[in-house]
Structure formats: C-alpha cells, structure tokens
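Structural overview
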Amino acid sequence: ISSNWGGTSVVLWSTPEAFTQCGIKPPSSSASLYNAMIHPYTVGPMAIAGFSWYQGEADTQDASSAHQYACLIKALIQAWRAHFSAPTAYFG
C-alpha cells in the first residue's frame, strides 16, 4: 500500500499519543494525514510486516525543532506499531 504525500511534516503523520508522549501541544493541523491516510488501514483484518519511511529535513530548522523531530519520529513509530498491532514491524 502506498500512502504518502511529499513535502509534508512529521506533525501531520503523528498521532495524538505521539504529541502527549513528547510533551508537545499539537497544532490544529496535526494528525490530519495520519487520520486520512494511515488510520483507515488499522481497522479490520490486515497483516503488516513494516513501513517504508522517508522524511526530509524540513522539520529541523534549528536545535529545538531537531529535538522535537527526534521525539516525534520515535513516538510516531511506537504509535503506528501499536495501532497496527505489529510491535516489531520494520520501520525504515
């Protein structure tokens, strides 16, 4: 399944749990792509082996945003694995 949108921020693909885990107040646009393009695949009987992910560097403008990105991407991986009930799914 190809579910992607070029030039987008990790914020748009992150779940509410990811923001909570990182102690970040989610912007109003957060999780919009997750909700529209990923979450529908988490329901129903579906097996998944992993996720292919490429995230550009636009999310890291300075040290603060780099720290935020580092936390969000780790939390995103954990949340996606949990939502797909695939705790060891490849992510790379």
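So, here's what we can say about the structure. Please read these numbers as outputs of a predicted model, since none were measured by experiment.

Some points on the state of the cysteines
- Going through the model one piece at a time under the given rule, you end up with 1 disulfide.
- Between the sulfur atoms of Cys22 and its disulfide mate Cys71 the distance is 2.0 Å. Residues Cys22 and Cys71 are joined through a disulfide that is left-handed, its torsion about the S-S bond being -105 degrees. Of this pair, Cys22 sits in helix α2 (residues 16-22) while Cys71 sits in helix α4 (residues 63-83), and the two are 49 residues apart along the sequence.
- What makes Cys22 buried here is its relative accessible area of 16%.
- By relative accessible area, Cys71 is classed as partly exposed at 25%.

A look at the layout of surface pockets
- Taken as a whole, the largest pocket spans an internal volume of roughly 600 Å³.
- Forming the boundary of the largest pocket are 26 residues, of which Ser3, Asn4, Trp13, Ser52 and Trp53 lie nearest the centre.
- Looking at the lining of the largest pocket, its residues break down into 14 nonpolar, 11 polar and 1 charged.

Some remarks on the nonpolar core
- Among the nonpolar cores identified, the biggest contains 25 residues, and Trp13, Trp53, Leu72, Leu76 and Trp80 are the most heavily contacted of them.
- Breaking this core down by element, the ones donating at least two residues are α1 (10-13), α2, α3 (32-38) and α4.
- Here this core gets 7 residues from one element, more than from any other, and that element is α4.
- Apart from the residues lying within four places of it in its own chain, the contact partners of Leu76 are Val10, Trp13, Ser14, Ala18, Trp53 and Phe91.

About the thresholds
Residues numbered from 1 in each chain as written. Predicted model: local features only at pLDDT ≥ 70, side-chain atom pairs only at ≥ 80, totals over all residues. Heavy atoms only, no water. Disulfide = S-S within 2.5 Å. Helix = DSSP H or I, 4+ residues; strand = E, 2+ residues; numbered from the N terminus. Buried < 20%, exposed > 50% of the residue type's maximum accessible area, 1.4 Å probe, protein only. 1 Å grid on protein atoms, 1.4 Å probe; cavity = no way out; pocket = protein on both sides within 12 Å on 5 of 7 lines; lining within 4 Å. Points joined across faces, edges and corners; volume = space filled by probe spheres on them. Nonpolar A, V, L, I, M, F, W, Y, C, P; charged D, E, K, R; others polar. Core = buried A, V, L, I, M, F, W, Y, C linked by side-chain atoms within 4.5 Å. Contact = heavy atoms within 4.5 Å.

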